[in-house]
Amino acid sequence: MILAGLVGLVSYVLAACWGALRPGGRWGVWAVATGGLGFAAVAVGALAGARVQVWLRLGPPGFDLRFGITPLAAVFVLLISGLGILASVYGRAYVAHLSPEKQRGVQGFVPLFLLSMTLVAFAGNVVAFLVAWEAMSLTSYALVVTDRERPEVVRAGYVYLLMTHIGAVCLTAAMLLLTNATGSMAFAEWAKAAPTLAVGLRSAVFLLMLLGFGSKAALVPLHVWLPRAHPVAPSHVSALMSGVMLKVAVYGMVLFLFQVLGPGPLWWGLTVLGLGLVSALLGVLYALMERDLKRLLAYSSVENIGVVTIGLGVALIAQQARLPVVAAVALVAALYHAVNHAIAKTALFLDAGALQFAGAGRNLDAMGGLLTRLPWTGGSLLAASAAIAALPPFNGFVSEWLTYQALVRLAGRAGVGLALAGLIGVLVLALTAGLVAACFLKVGGVALLGRPRSGGAAQAEEVPAAMHVPVVILAGLALALGLLPGLVVGPLAAVAAAALHLDGGGTPWTHVLSLALPWGGVHLAALAPAAFALVSALAILAAVAVGRRARPAPQVRDPWACGGQIGPEGQYSATAYAKPFRQVFGAVYRPVRSVRVRTAVHPFFLTQVEYEGGITHVFDRYGYGPLLAAFVSLARWGRGLQSGSLRLYLGYLLITLVLLLVFVR
Amino acid sequence: MAVWAQALAQTALVLVLAPLVQGMLQRIKAVAQHRHGPGLLQPYFTLAKLWRRQDLRPRGSSWVFAATPCFVLAVLLAASAALPLLWTPAPPGWSGDFVFFVGLLALERFALSLAGLDTGTPFGGLGSSRDAVVAALVEPALFALALPWMAAAGGTGWPALMAASASAPAAGVVRFFGLAAALIVALAETGRVPVDNPDTHLELTMIHEAMLLEYSGPQLALVSLAQMLKQLLVLAAVADLLLPWGAGWTVLPAVLRPLTVLGTWFGLGAGLAVAESLSAKLRFFRLPAYVGAATALSLAAAVLEVWGGR
């Protein structure tokens, strides 16, 4: 295993060098593939039960870099490696439209980004974790600002850098608190010592961790960087950031909130559940209003991280209420949803990039009819949309099903108050599911179906195989994980049980889990027969369709337009599609509109009508806006201290010296 | 083997019965409007006529438009296997799940809305957009119907829900609230009057019909049949969830049980027609409050159930 890990490490570094020197060459992709497979081998070994730890002594005792692998980390390493390989294959073809210098940057940094994420998962102590975490943030920042001559890109990168460092400060503080309290820097030692610590200290650590990982995972209200940074990055980088990096933050939450800190007071779980519900609902509501495909996908990531967090919150609550099985179901749901979202969102971002590459742009209102022009990209986009909309038989449905199970079990077993929380959770999740379906109907229906709304869309051509094959593989994976959930739920149940410090009492934990779900017989894989029913019904209907072949072929006619002719501009656009939602959820959106009418001679003779509409992003406007203004005014006030007068500065020195002498004797 | 035969038989039966329920609904509405109305079997004749007609496709539409009618019917057939109908259902080893049933209904709507957008006309988009709003609001309301029993049973499988419904402490009150909510949900889910009007092609009001406007001939027959099947499945789901005898009175001999189930379906269908005849179409933007009332009623029922049970 150490050998496989070394192969992975060396290959990623080589890939970075090759990428920077020969960005168009295929050796870089081969090296990423070797590295990914090496790390995947380590992960598979860990899931099978092997344990490895590596120390690198780098200075004073305690300041060594410690790496190891746990089954929990293995799940995420598999995600990083698998999706990294597919994104790299795609990336080599995709970067062709960039300038050579930018190609070097992108192809050089992507393997380093993958490596740093892998190392975060492997990290076994504070130093290793923070170094890898920072490397992950910096490499992704470098990738986000690829188009650095555009001011909005630089600004987006700046917001990202700022948010990610606020998170890093919180994480560092939390880890230093734990180090100070336990006298160790190793996570394994913390897990042993943490339950004995004072509740106040543990709660402080909990809040700092939540802020730190929440800002990386883009939970509302810490999500503001995501819709700015994802659209401007190259598409396979957005795919990796949204599909994989957010999951690394989820890994951090599971590792520290469950494995390290252990059960805490009830409000921990309620806070996490509340954040999850708000993120899920607001994420999808904002996604629904977007016309820019990549921004829409970014907001959809906020929603999905929200759903994952709902699972985590229920697990925390159930752990505190001594309902171990409910906690296990909830944690499995969260992990499974993280896996599913990684697959589907990577596919969606790669598809979005392919559409842009093909000349259709990012604006949904300028697309249309792309399914017939890009059959592979379009087909996989439809499949991934159904997966992310949690529709059966795709994987997203199974993990949402599990989340419902967790919420309902909480409602069924806990006291009245918690039961109510579970019931409201079910309703919010159901509303979210309905809105996500509407949102991705908009994506699929407006971008892919109907008639092209612009010249770019009308002339788009299918992208090269290197760009559509990875996405088709991902779409197939989304279907496979939906039809055969048992394959993944088994290992995840073992991982969740280990993270919750549960002991199956000799029997495999999956078995215990299946017995705990009521109606007898097969369980967490209970959806397999359902999938079977669906497939057989489809087969019957396919037979009907084939039978109809004997009839005369259908004739193509112009659609009904009240007797007239209607052009492609007469179709519903993405904006029009979302308009009723803007009105129904007006309390959240606070829509603004202005209509300016220009007339000539007399008000009856219109020459021009200008319409401008939009929504208010509540957190930007009422949260970050005033905060920023406060900081700026504070800085203005502080500027008064910097008068430029030498005598004043000497005075400051004197005052400082006196204060130091008084306090630090 | 017998289990499989039962499973296939009940799925076939709902498919065959769906147009009859539709015929009954239309007849009741006609009588309520002082019209003579078509015969009970008219939907069968209409479907047969459509099946023989020519198939037209709008220019520029893709395979999504062509495949949707078959697909939605298949999805609803699968949904009929996820629901207790005459007997506890198939496939063997699996007894159906409420969330899966709702998921399949959502999948059906998704496909139909995509087909509406694929026509490339304003009508299709209009129908899809409005339908998406209704769907997003109805999905929580539909979930809410099962909420009291979910809370009592701690699960979402049909047998668990029905067992909870049979043994719940505050069942009478819960059923009263639940049926009131179910009426609203069923009217919305089947596209009937306060929400949508199935009898009109007036673009200002139509939702579901607007998505189907470009379908003709056998394709239209398939989507119409699918709509009738969905209507019957929603009625069956309401019966399973909220009526004390669920999928058949257990005191009756097993042979007679399917008859009570059939009677229940037709009874609920008649109730739906009467309710539709008594109400006027609501403005589209009044719908959130209307459907939200159903969700609130069900949530109240669930809270009562939890309060009474613990």
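Residues numbered from 1 in each chain as written. Chains lettered and ligands numbered in written order. Predicted model: local features only at pLDDT ≥ 70, side-chain atom pairs only at ≥ 80, totals over all residues. Heavy atoms only, no water.

**Considering the overall build of chain B**
Here's step 1: For chain B, the count of helices and strands is eleven helices and one strand.
Here's step 2: The order of α-helices and β-strands along chain B, N terminus first, is α-α-β-α-α-α-α-α-α-α-α-α.
Here's step 3: For chain B, the C-alpha radius of gyration of 19 Å lies close to 19 Å, the compact-globule estimate for 310 residues.
Here's step 4: Across its three principal directions, the C-alpha atoms of chain B cover 60 × 45 × 40 Å.
Here's step 5: Expressed as a percentage of the 310 residues in chain B, the buried residues total 61%. (Helix = DSSP H or I, 4+ residues; strand = E, 2+ residues; numbered from the N terminus. Rg over C-alpha atoms; globule rule 2.2 N^0.38 Å. Buried < 20%, exposed > 50% of the residue type's maximum accessible area, 1.4 Å probe, protein only.)

**Describing the overall build of chain A**
Here's step 1: Each helix and strand in chain A was counted, giving 26 helices and five strands.
Here's step 2: Taking 26 Å as the expected radius of gyration for a compact globule of 665 residues, we find that chain A reaches 27 Å, a close match to that expectation.
Here's step 3: Along the first, second and third principal axes, the C-alpha atoms of chain A reach 90 × 75 × 60 Å.
Here's step 4: Here the analysis covers contacts within chain A between residues at least 6 apart in sequence; of these, 78% occur between residues at least 24 apart.
Here's step 5: Per element, the accessible surface of chain A, about 26,000 Å² overall, is 69% carbon and sulfur.
Here's step 6: Averaging the positions of the 43 positive and the 21 negative side-chain charges in chain A gives two centres separated by 4 Å. (Contact = heavy atoms within 4.5 Å. Areas by Shrake-Rupley, 256 points an atom, 1.4 Å probe, with all protein chains shown as cover. Lys, Arg positive; Asp, Glu negative; His and termini not counted. Charge placed at Lys NZ, Arg CZ, Asp CG, Glu CD.)

**Notes on the domain arrangement of chain A**
All names here are of chain A.
Here's step 1: Domain parsing of chain A yields domain 1 (263-501) and domain 2 (592-665).
Here's step 2: When each unit is reduced to the centre of its C-alpha atoms, the spacing between domain 1 and domain 2 is 37 Å.
Here's step 3: Counting residues at the interface gives five residues for domain 1, matched by five residues for domain 2.
Here's step 4: Taking both sides of the interface into account, the surface hidden between domain 1 and domain 2 amounts to around 380 Å²; carbon and sulfur atoms contribute 69%.
Here's step 5: The largest contributions to the domain 1 side of the interface with domain 2 come from Leu282, Tyr286 and Met289, which together make up 79% of the buried area.
Here's step 6: Here domain 1 is connected to domain 2 by zero salt bridges. (Domains from an automatic or database assignment. Buried area = accessible area lost by both parts, 1.4 Å probe. Salt bridge = Lys/Arg side-chain N within 4 Å of Asp/Glu carboxyl O.)

**Comments concerning a nonpolar patch on the surface**
Residue and element names in this part refer to chain A.
Here's step 1: A cluster of nonpolar side chains, Ile2, Leu6, Leu9, Val10, Val13, Leu14, Trp18, Trp27, Trp30, Val54, Leu56 and Leu58, forms an exposed patch at the surface whose accessible area comes to about 1,100 Å².
Here's step 2: Elements with a contribution of two residues or more to the nonpolar patch: helix H1 (2-21), helix H2 (27-47) and strand E1 (53-56).
Here's step 3: In terms of residue count, H1 provides more of the nonpolar patch than any other element does, seven residues in total.
Here's step 4: Inspection of the secondary structure assignment puts Leu58 in the loop between E1 and strand E2 (65-68).
Here's step 5: The class of Leu58 is exposed, set by a relative accessible area of 58%. (Patch = residues over 30% accessible without salt bridge, like charges linked within 9 Å, V, L, I, M, F, W, Y side chains within 5 Å.)

**Comments concerning the packing of helix H15 (residues 375-388) of chain A against helix H19 (residues 465-483) of chain A**
All names here are of chain A.
Here's step 1: Between H15 and H19, the least distance of the axes is 9 Å, while the angle of their chain directions is 30°. In this view, H15 runs roughly parallel relative to H19, as classed from their interaxial angle. Considering only the axes of H15 and H19, their crossing is left-handed. The segment H15 lies against H19, with Trp376, Thr377, Ser380, Ala383 and Ala387 engaging His468, Val471, Val472, Ala475 and Ala478.
Here's step 2: Tallied by class, residues from the contact of H15 with H19 come to seven nonpolar, three polar and no charged. (Axes fitted to C-alpha atoms, helices over the stretch in contact; angles between N-to-C directions. Parallel < 35°, antiparallel > 145°, perpendicular 65-115°, else oblique. Left-handed = near helix turned anticlockwise from the far one by under 90°. Nonpolar A, V, L, I, M, F, W, Y, C, P; charged D, E, K, R; others polar.)

**Digging into the interface of chain B and chain A**
Here's step 1: The partner chain A presents 74 residues to the 77 residues of chain B that form the contact.
Here's step 2: Each partner contributes to the roughly 6,600 Å² buried at the junction of chain B and chain A, and carbon and sulfur atoms together form 75% of this total.
Here's step 3: On the chain B side of the interface with chain A, the three residues burying the most area are Arg59(B), Phe110(B) and Leu117(B), jointly 10% of the side's total.
Here's step 4: As a salt-bridge pair, Asp558(A) and Arg59(B) come within 2.8 Å of each other at their nearest N and O atoms.
Here's step 5: The tally of links from chain B across to chain A stands at twelve residue pairs in polar contact (both at pLDDT 80 or more).
Here's step 6: Secondary-structure elements contributing two or more residues to the side of chain B that touches chain A are helix H2 (42-52), strand E1 (56-58), helix H3 (63-80), helix H4 (98-118), helix H5 (122-153), helix H9 (217-242) and helix H11 (287-309) of chain B. (Polar contact = N/O pair within 3.5 Å; in protein donor to acceptor, adjacent residues only side chain to side chain.)

**Section: the pattern of salt bridges**
Here's step 1: Inspection of the entire model under this criterion finds 21 salt bridges over all chains.
Here's step 2: Among the ionic pairs, Lys29(B) bridges to Glu276(B), the shortest N-O distance being 3.2 Å. Note that Lys29(B) is positioned in helix H1 (residues 2-32) and Glu276(B) in helix H10 (residues 257-278), a separation of 247 residues in sequence. As far as the burial class goes, Lys29(B) and Glu276(B) line up, both buried.
Here's step 3: One connected set of salt bridges, linked through shared partners, spans Lys102(A), Asp147(A), Glu149(A), Arg150(A) and Glu152(A).

**Overview of the confidence of the model for chain B**
Here's step 1: Averaged over chain B, the pLDDT score is 87; the fraction of residues at 70 or greater is 94%.
Here's step 2: Per-element mean pLDDT across chain B ranges from 82 in helix H6 (residues 158-167) of chain B up to 94 in H2(B). (pLDDT = per-residue confidence, 0-100.)

**A closer look at the environment of Phe349(A)**
All names here are of chain A.
Here's step 1: With respect to the secondary-structure elements, Phe349 resides in helix H13 (residues 324-357).
Here's step 2: Judged by relative accessible area, Phe349 falls into the buried class, the value being 0%.
Here's step 3: Sequence-wise, Phe349 and Gly369 are 20 residues apart; in three dimensions their C-alpha atoms are separated by 19 Å.

**Side note on the side chain of Thr346(A)**
Residue and element names in this part refer to chain A.
Here's step 1: For Thr346, the position within the fold is in helix H13.
Here's step 2: With relative accessibility at 1%, the residue Thr346 sits in the buried group.
Here's step 3: Polar contacts involving the side chain of Thr346 include one to the main-chain carbonyl oxygen of Ala342, which spans 2.5 Å.

**Looking at the packing of aromatic side chains**
A ring pair, where both rings are aromatic, is described by two values, the distance of the centres and the angle of the planes.
Residue and element names in this part refer to chain A.
Here's step 1: By the definition in use, this model includes 30 aromatic pairs over all chains.
Here's step 2: On the basis of an interplanar angle of 20° and a centroid distance of 5.7 Å, the ring pair of Phe213 and Phe256 is categorised as stacked. Note that Phe213 is positioned in helix H8 (residues 199-217) and Phe256 in helix H10 (residues 235-260), a separation of 43 residues in sequence.
Here's step 3: Residue Phe213 is classed as buried on the basis of its relative accessible area of 1%.
Here's step 4: On the accessibility criterion, Phe256 (1% relative accessible area) is buried.
Here's step 5: An aromatic cluster of at least three residues, connected via ring pairs, comprises Phe129, Trp133, Phe187, Trp190, Phe213 and Phe256.
Here's step 6: Lys216 extends its terminal NZ or CZ atom over the ring of Trp133, reaching a point 5.8 Å from the ring centre. (Phe/Tyr/Trp six-rings, centres within 6.5 Å; stacked < 30°, edge-to-face > 60°. Lys NZ or Arg CZ within 6 Å of the ring centre and 35° of its normal.)

**Describing the packing of H1(A) against H2(A)**
Residue and element names in this part refer to chain A.
Here's step 1: For the pair H1 and H2, the least separation of the axes is 7 Å and the interaxial angle reads 160°. Between H1 and H2, the interaxial angle falls into the category roughly antiparallel. The two elements H1 and H2 meet at a crossing, and its hand is left-handed. Every residue of H2 that contacts H1 at Ala4, Gly5, Val7, Gly8, Leu9, Ser11, Tyr12, Ala15 and Trp18 is listed here: Trp27, Gly28, Ala31, Val32, Thr34, Gly35, Gly36, Gly38, Phe39, Ala41 and Val42.
Here's step 2: Its residues placed into classes, the contact of H1 with H2 shows twelve nonpolar, eight polar and no charged.

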